[in-house]
Amino acid sequence: MCIRDREDGGERRAASWRLADEITDPVFREKFRSITAGASSEAQVARSLIEISDMVLKAGDVETASQILSAGLKLVPGNNILRQKIIRTYMDQWKFAEAARLLVEGYQLQHAVA
């Protein structure tokens with residue numbers, strides 16, 4: 001469920017709490033919860049998660065970075081920059097099937113009839 005679909009902040013916190021459970025590193029799990037619960041827009045969530053994932057990637061933890069990006073994309077599925085970042089991360093991990101699945105989903109989102 002994406003942020004704009006939720007009216008109430010409590011629902012946003014509940015969704016971010018559930019998605020954060022996908023992140024195995026406890027420090028970044030809590031950062032994810034904090035960012036997603038306090039963000040005022042989808043774009044802000046995406047930017048913040050990309051910044052954190054970049055920091056994690058520079059430290060060499062590709063798995064945690066992909067977990068952060070994956071959970072973020074589930075929260076903000078329409079953000080193409082976030083989608084491109086996780087696709088690139090999956091490709092770096094040789095997870096080509098996952099990358100292809102996200103490419104197809106992105107295409108379908110962009111070409112969905114409103």
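Quick notes on the rules
Numbering of residues starts from 1 in every chain and runs along the sequence as written. Totals for whole chains, interfaces and linings use all residues, but because this is a predicted model, local features are given only for residues with pLDDT of at least 70 and pairs of side-chain atoms are given and counted only at 80 or more. Here the side-chain values reflect all heavy atoms present in the structure, with hydrogen atoms and water set aside. Secondary structure counts use DSSP, requiring at least four H or I residues in a row for a helix and at least two E residues in a row for a strand, with both numbered from the N terminus. Only protein chains enter the area calculation, which uses a 1.4 Å probe; residues under 20% of their type maximum are buried, those over 50% are exposed, and those in between are partly exposed. In what follows, a contact means two residues having at least one pair of non-hydrogen atoms within 4.5 Å. Methods summary: accessible areas were calculated by the Shrake-Rupley approach with a probe of 1.4 Å, and residue burial reflects only the protein chains presented. Ring geometry is summarised as follows: Phe, Tyr and Trp rings, the Trp one being its six-membered ring, pair when their centres sit within 6.5 Å, and such pairs are stacked at plane angles under 30 degrees, edge-to-face over 60 and tilted between the two. Placement of a charge over a ring requires the Lys NZ or Arg CZ to be within 6 Å of the ring centre, with the centre-to-atom vector within 35 degrees of the ring normal. Nonpolar cores are built from buried Ala, Val, Leu, Ile, Met, Phe, Trp, Tyr and Cys residues. Side-chain atoms within 4.5 Å join them into one set. Geometry is summarised by axes, namely lines fitted to C-alpha atoms with helices restricted to the contacting stretch, and by angles between N-to-C directions that run from 0 to 180 degrees. Any angle between 65 and 115 degrees counts as roughly perpendicular, while under 35 counts as roughly parallel, over 145 as roughly antiparallel, and the rest as oblique. For any helix crossing, the convention is left-handed if the near helix is rotated counterclockwise from the far helix by under a right angle, and right-handed if that rotation is clockwise. The term salt bridge refers to a side-chain nitrogen of Lys or Arg lying within 4 Å of a carboxyl oxygen of Asp or Glu.

## Quick look at the overall build of the chain
Item 1. Along its length, the chain carries six helices and zero strands.
Item 2. Here the chain holds 114 residues, and 39% of them are scored as buried.
Item 3. For the chain, contacts bridging at least 24 residues in sequence account for 50% of all contacts bridging at least 6.
Item 4. Put simply, the chain shows about 6600 Å² of open surface, and 56% of that area lies on carbon and sulfur atoms.

## Focus: the packing of aromatic side chains
Item 1. Applying the stated criterion across every chain yields a total of one aromatic pair.
Item 2. The aromatic ring of Trp-17 is capped on one face by Arg-33, whose charged end is 3.6 Å from the ring centroid.

## Some points on the nonpolar core
Item 1. Within the largest apolar cluster, 17 residues are counted, with the highest numbers of intra-cluster contacts made by Phe-32 and Ile-68.
Item 2. Only α1 (9-20), α2 (26-38), α3 (42-58) and α4 (62-75) provide two or more residues apiece to this core.
Item 3. Residues in contact with Ile-68, not counting those within four places in the same chain, are Ile-23, Phe-28, Phe-32, Leu-49, Ile-52 and Val-56.
Item 4. Formed by ten residues, the second largest nonpolar core is a distinct cluster that contains Leu-69, Leu-82, Ile-87 and Leu-102.

## Some details on the side chain of Ser-53
Item 1. The topology assignment puts Ser-53 in helix α3.
Item 2. Taking relative accessible area as the criterion, Ser-53 reaches 0% and is therefore assigned buried.
Item 3. Residues within four places of Ser-53 in sequence aside, it is in contact with Ala-65, Leu-69 and Lys-85.

## Description of the packing of α3 against helix α5 (residues 80-92)
Item 1. Interhelical geometry of α3 versus α5 gives an angle of 20 degrees and a closest axis separation of 10 Å. Comparing the axis directions of α3 and α5 gives the class roughly parallel. In the packing of α3 onto α5, the handedness of the crossing is left-handed. Contact residues: Ala-46, Ile-50, Ser-53, Asp-54 and Leu-57 in α3; Ile-81, Leu-82, Lys-85 and Thr-89 in α5.

## Observations regarding the pattern of salt bridges
Item 1. If you walk through the whole model with that rule in mind, you get nine salt bridges.
Item 2. The salt bridge partner of Arg-33 is Asp-21, with a shortest N-O separation of 2.5 Å. With Arg-33 in helix α2 and Asp-21 in the loop between α1 and α2, this residue pair connects regions lying twelve residues apart in the sequence.
Item 3. Take Arg-33: its relative accessible area is 8%, and that puts it in the buried class.
Item 4. A salt bridge links Asp-92 to Arg-88; its shortest N-O distance comes to 3.5 Å.

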